[in-house]
Amino acid sequence: PRSQFATQKFDLAYSSYLDLPKSSYIWPEILFEEAWNSFYQKDYNRTLGKLVTYKAPVFNYTFNPEIEVLKALSYMEMCLWDDSKKAVEDFYAYYETDNASYKKFIDSLGKDYRQYYLLVKDREDGKFRENKILSTALASIGRDPAYLELYSAFNSGRDEIEKLKGLPNDSLKAALNENLRESLSLQRNLIGSYIRGQLQLYAAQVVRAFEDMSYIKLEVL
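Residues numbered from 1 in each chain as written. Predicted model: local features only at pLDDT ≥ 70, side-chain atom pairs only at ≥ 80, totals over all residues. Heavy atoms only, no water.

## Here we look at the overall build of the chain
For the chain, the count of helices and strands is ten helices and zero strands. Helices and strands in the chain line up, N terminus first, as α-α-α-α-α-α-α-α-α-α. Relative to the globule expectation of 17 Å for 221 residues, the C-alpha radius of gyration of the chain, 22 Å, shows a markedly less compact shape. The buried share of the chain, reckoned over its 221 residues, is 39%. In the chain, of all internal contacts separated by at least 6 residues, the share reaching a separation of at least 24 is 66%. (Helix = DSSP H or I, 4+ residues; strand = E, 2+ residues; numbered from the N terminus. Rg over C-alpha atoms; globule rule 2.2 N^0.38 Å. Buried < 20%, exposed > 50% of the residue type's maximum accessible area, 1.4 Å probe, protein only. Contact = heavy atoms within 4.5 Å.)

The structure is reproduced here in structure tokens:
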């Protein structure tokens, strides 16, 4: 469907998107792509219908500011100026206050990958951040298939360390334990690096969304 969308075969893409199972890890993202496809079909009501799905509690971890941009754009194409203006104002109300502190916070961590690793782990343990953007971004990363795969490998390594305790040879046990711990430290830093990259990507998405919203606001005025 992405190839069909790229070649402007929107009707074919619409049918192909329907073949994707809702149980897929990527289905929440696909729902947004379907909304764009409907927008290019000029079916703005269907576009808004797809986007309103993200209001469901089951999707409260989804981080995608462009959802609000597409909503405002759809209202504008339907000449619903007040609705479009309100969508822009709601976006600013949600993102403007926390955006500066969000960017400042992730910049303050530098390349301390251990701290990035702990951010998502704390979020999974129920420790929420006051910054709404950061809290949602961490929840989104915690459901990311790439992160889950990295974290699963890390946990497997910790299980290996527990198994070493049963070895009778103390010198062998000490050598293996040291090597495993070094490997785990590298794995943890790899996870932290991935989280850092995602948080910076989200920050860029917010900036781009602000730019898009400013154009929509100007057009509506």
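After presenting the structure, the write-up continues.
## Focus: the pattern of salt bridges
This structure, assessed with the given rule, holds nine salt bridges. Among the ionic pairs, K86 bridges to D90, the shortest N-O distance being 2.8 Å. You can see K86 and its partner D90 sitting in helix 6 (residues 81-108), four residues apart, about one turn around the helix. Look at the salt bridges and you will find they share partners, linking R2, E29 and E33 into a network. (Salt bridge = Lys/Arg side-chain N within 4 Å of Asp/Glu carboxyl O.)

## Looking at unusual backbone geometry
Phi at Q8 is positive, roughly 65°, even though this residue is not glycine. The class of Q8 is exposed, set by a relative accessible area of 60%. Despite not being glycine, K42 has its phi angle at roughly 65°, a positive value. Inspection of the secondary structure assignment puts K42 in the loop between helix 3 (27-40) and helix 4 (44-52). For K42, a relative accessible area of 62% gives the class exposed.

## Things to note about the side chain of K50
Position of K50 among the secondary structure elements: in helix 4. With relative accessibility at 18%, the residue K50 sits in the buried group.

## Overview of the nonpolar core
In globular proteins that are soluble, nonpolar side chains generally tend to be buried together. Formed by 52 residues in total, the largest nonpolar core has its most connected members in Y102, I191, I195, L199 and I216. Of all the secondary-structure elements, those providing two or more residues to this core are helix 3, helix 4, helix 5 (66-77), helix 6, helix 7 (113-124), helix 8 (132-142), helix 9 (145-164) and helix 10 (170-220). Sequence-distant contacts of I195, that is, excluding residues within four places in its chain, are made with Y116, Y117, V120, I141 and Y147. (Core = buried A, V, L, I, M, F, W, Y, C linked by side-chain atoms within 4.5 Å.)

## Some points on the environment of E96
With respect to the helices and strands, E96 occurs in helix 6. Residue classification places E96 among the partly exposed residues on the basis of a relative accessible area of 49%. In this structure the C-alpha to C-alpha distance between E96 and S15, which are 81 residues apart in sequence, comes to 38 Å. Residue contacts for E96: discarding those within four places in its chain leaves F91 and F210.

## Quick notes on helix 3
Across its 14 residues, helix 3 extends 20 Å between first and last C-alpha, which sits within 8% of the 20 Å expected from 1.5 Å per residue. Most of helix 3 is tucked away: twelve of the 14 residues are buried. By the burial criterion, the buried members of helix 3 are W27, P28, I30, L31, F32, E33, E34, A35, W36, N37, S38 and F39. Elements that come into contact with the buried residues of helix 3 comprise helix 1 (2-6), helix 2 (10-18), helix 4 and helix 5. Two residues or fewer past helix 3, K42 is found with a positive phi of approximately 65°. (Expected span 1.5 Å × (residues − 1).)

## Describing the packing of helix 3 against helix 4
For any two helices packed against each other, one specifies the crossing angle of their axes together with the interaxial distance. Two elements in contact, helix 3 and helix 4, have axes whose closest approach is 8 Å; the angle formed by their N-to-C orientations is 170°. Judged by the angle between their axes, helix 3 and helix 4 are roughly antiparallel. Where helix 3 crosses over helix 4, the handedness of that crossing is left-handed. Counted together, L31, F32, E34, A35, S38 and F39 of helix 3 and Y44, R46, T47, K50 and L51 of helix 4 form the full contact between these two elements. Partitioned by chemical class, the residues of the contact of helix 3 with helix 4 number six nonpolar, two polar and three charged. (Axes fitted to C-alpha atoms, helices over the stretch in contact; angles between N-to-C directions. Parallel < 35°, antiparallel > 145°, perpendicular 65-115°, else oblique. Left-handed = near helix turned anticlockwise from the far one by under 90°. Nonpolar A, V, L, I, M, F, W, Y, C, P; charged D, E, K, R; others polar.)

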